[in-house]
Structure formats: structure tokens, C-alpha cells
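# Results of the structural survey
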Amino acid sequence: MTIGILALQGAFAEHAHVLGKLGVPHFEIRQKKDMEREFDGLILPGGESTVMGKLLRTSELFDPVREKILSGMPVFGTCAGLILLAKEVEDDISHLATMDICVKRNAYGRQLGSFYTEETFQGLGMIPMTFIRAPYITSVSGDTEILAEVEGRIVAAREGNQLVTAFHPELNESLKVHEYFLNMI
Ligand code: GLN
């Protein structure tokens, strides 16, 4: 099994580190030709969704990445990666728009933008959750399943081959969410 990590901007190295700990082969996706390699799952990291959205378009990765996801490739979007997948982004444009979720960016305000908590994640029990200027999911539709909530706000969800978290599992010691993703493959 090999995982491709979108490495245009943001926290891609941290995901590579977790996959290294799990002994899972992985490589960085920076340009169109990287999408021609063989891989089984895709990670869209945290960072700045507006910047990543622009870079996806200018690097001509937008269409190949979107097609892979629509053809069923398992994808895991964290934070900005979640925003990239959302069909609807409140007060902003959408990007890959493959997942039936509506999200609000920087949804916790400037002061409370970053925080740590522990909550239950469906099937995984309590897990650590680090939020950094995070979005949350304001609504889900279609076949989307809610996997975690923090104070009544949806922070993790899955729709078929697509998994998203508003928090950053790659920044904590727990490997559980990455293992969950690998089990989807
Ligand atoms: N605030 C960022 C955005 O809107 C997301 C933050 C993150 O990925 N840590 O894209």
C-alpha cells in the first residue's frame, strides 16, 4: 500500500512522519506527473485552503486529484484539506467539492482559533484533538456519516471513500485516525 500526500503547502511533512511510524510507504504530490504514479490513498493536509486551492489550479493538479477522488480513491482531508473537499464553504468559494458537507472556515474565531481537547471518535474511543484556526462542519447531507463532535459541532465525518477531520491527528501521538484511514483502503 502506498499513500500520496499533497505537498503544495501546509502540514504535509507531519503526515509523512506518521505514515513513517506506521511503516506505510508514501510520497509527495507536487506536480501533475506525480499523479501518474501508482498509489492507493491520498492525504490532503492542513494549511491554508485558499492558497492550496490556488496552487491546485495553477499546478494543474486540480482535475487529476478531483478525478481520482470521484473514481473512488480513498482520501483523508485534515483541516484545510477538509475545506478543499467540501461541496459548500460558507462565505467563500468551494474547491474540489466532492463531499456532501457544508463548512465554515476559521469557525472558532480569532481568539479561540487554536485549542486542544479529547473527544470520542466513532469506533475509536477517546482521541486527542488539536485544532488550529479550524473549520467545523455546519451540516452534512447525502451518505455522510458524522464521526465526531466537539460541543455539538461536527469535527469529523466520512462519506464513502472520503474521510475528513477539522483537527490535526498528525500533530498528536495517537495513530488511531491514520489507522482508521488506512483501514478504508
Ligand atoms: N484556517 C485554515 C483555512 O481556512 C485552515 C487551518 C488549518 O488547516 N490548520 O484554510
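This text goes with the structure placed above it.
The structure displayed is predicted, hence computed values, not measured ones.

Cut-off values and rules
Residues numbered from 1 in each chain as written. Predicted model: local features only at pLDDT ≥ 70, side-chain atom pairs only at ≥ 80, totals over all residues. Heavy atoms only, no water. Helix = DSSP H or I, 4+ residues; strand = E, 2+ residues; numbered from the N terminus. Rg over C-alpha atoms; globule rule 2.2 N^0.38 Å. Buried < 20%, exposed > 50% of the residue type's maximum accessible area, 1.4 Å probe, protein only. Contact = heavy atoms within 4.5 Å. Areas by Shrake-Rupley, 256 points an atom, 1.4 Å probe, with all protein chains shown as cover. Lys, Arg positive; Asp, Glu negative; His and termini not counted. Charge placed at Lys NZ, Arg CZ, Asp CG, Glu CD. Near = heavy atom within 4 Å. Polar contact = N/O pair within 3.5 Å; in protein donor to acceptor, adjacent residues only side chain to side chain. Nonpolar A, V, L, I, M, F, W, Y, C, P; charged D, E, K, R; others polar. Salt bridge = Lys/Arg side-chain N within 4 Å of Asp/Glu carboxyl O. Phe/Tyr/Trp six-rings, centres within 6.5 Å; stacked < 30°, edge-to-face > 60°. Lys NZ or Arg CZ within 6 Å of the ring centre and 35° of its normal.

Now for the overall build of the chain. Helices and strands together make up the secondary structure of the chain, namely 5 helices and 12 strands. Against the compact-globule benchmark of 16 Å for 185 residues, the chain has a radius of gyration of 15 Å, which places it among compact chains. C-alpha extents for the chain along the principal axes are approximately 40 × 35 × 30 Å. Within the chain, buried positions represent 53% of all 185 residues. Taking the contacts inside the chain whose residues are at least 6 apart along the sequence as the reference set, 64% of them involve residues at least 24 apart. Surface accessibility of the chain: about 8300 Å² in total, with carbon and sulfur atoms responsible for 46%. Counting 17 positive and 25 negative side-chain charges, the chain places the averaged centre of each group 5 Å from the other.

Lining the immediate surroundings of the ligand are G46, G47, E48, S49, C79, A80, I83, R105, N106, I132, R133 and H168. Note that an oxygen atom of the ligand is positioned 2.7 Å from one of the side-chain N or O atoms of R105. Side-chain polar atom of N106 to a nitrogen atom of the ligand: 2.7 Å apart, as the coordinates give it. Coverage of the ligand by the protein amounts to 98% of the 300 Å² it exposes when considered alone. Its residues placed into classes, the shell around the ligand shows 4 nonpolar, 5 polar and 3 charged.

Turning our eyes to something else, we now look at the pattern of salt bridges. Where charged atoms from two side chains of opposite charge approach closely, those side chains can pair. Under the defined criterion, the tally for this structure stands at 7 salt bridges. Put simply, R105 and D92 hold a salt bridge, and the shortest N to O gap is 2.7 Å. One end of the pair, R105, is in the loop between β6 (99-104) and β7 (114-121); the other, D92, is in the loop between β5 (86-89) and β6, with 13 residues separating them in the sequence. Members of the salt-bridge network, linked through shared partners, are E48, D92, R105 and R133.

Here the focus is helix α3 (residues 62-70). Within the span of α3, buried status applies to F62, P64, V65 and I69. Against the buried residues of α3 lie β3 (41-44), α2 (49-58), β4 (75-78), α4 (80-85) and β12 (162-165). At the exit of α3 stands G72, carrying a positive phi of roughly 110°.

Looking at where F76 falls in the secondary structure, it is placed in strand β4. Sequence separation of F76 and G53 is 23 residues, and the distance between their C-alpha atoms is 16 Å. Here F76 is in contact with H15, L42, I43, L44, L163, T165, P169, V177, H178 and F181, once residues within four sequence places are set aside.

We now examine the packing of aromatic side chains. Inspection of every chain in the model, using the stated rule, returns 8 aromatic pairs. Their ring planes at 70° and their centres at 5.3 Å tell us that Y108 and Y136 sit as a pair that is edge-to-face. Taken together, the positions of Y108 in the loop between β6 and β7 and Y136 in strand β9 (residues 136-140) put the pair 28 residues apart, joining distant regions of the chain. Each member of the pair Y108 and Y136 is classed as buried. A connected cluster of aromatic rings, assembled from ring pairs, spans Y108, F115, F131, Y136 and F167. It is R37 that lies over the ring of F27; its NZ or CZ is 3.9 Å from the centre.

With that settled, consider unusual backbone geometry. One non-glycine residue, D91, adopts positive backbone phi at about 55°. By the element assignment, D91 lies in the loop between β5 and β6. Residue D91 is classed as exposed on the basis of its relative accessible area of 79%. Look at N106: it is not a glycine, yet its phi comes out positive at around 40°. For N106, a relative accessible area of 40% puts it in the partly exposed group.

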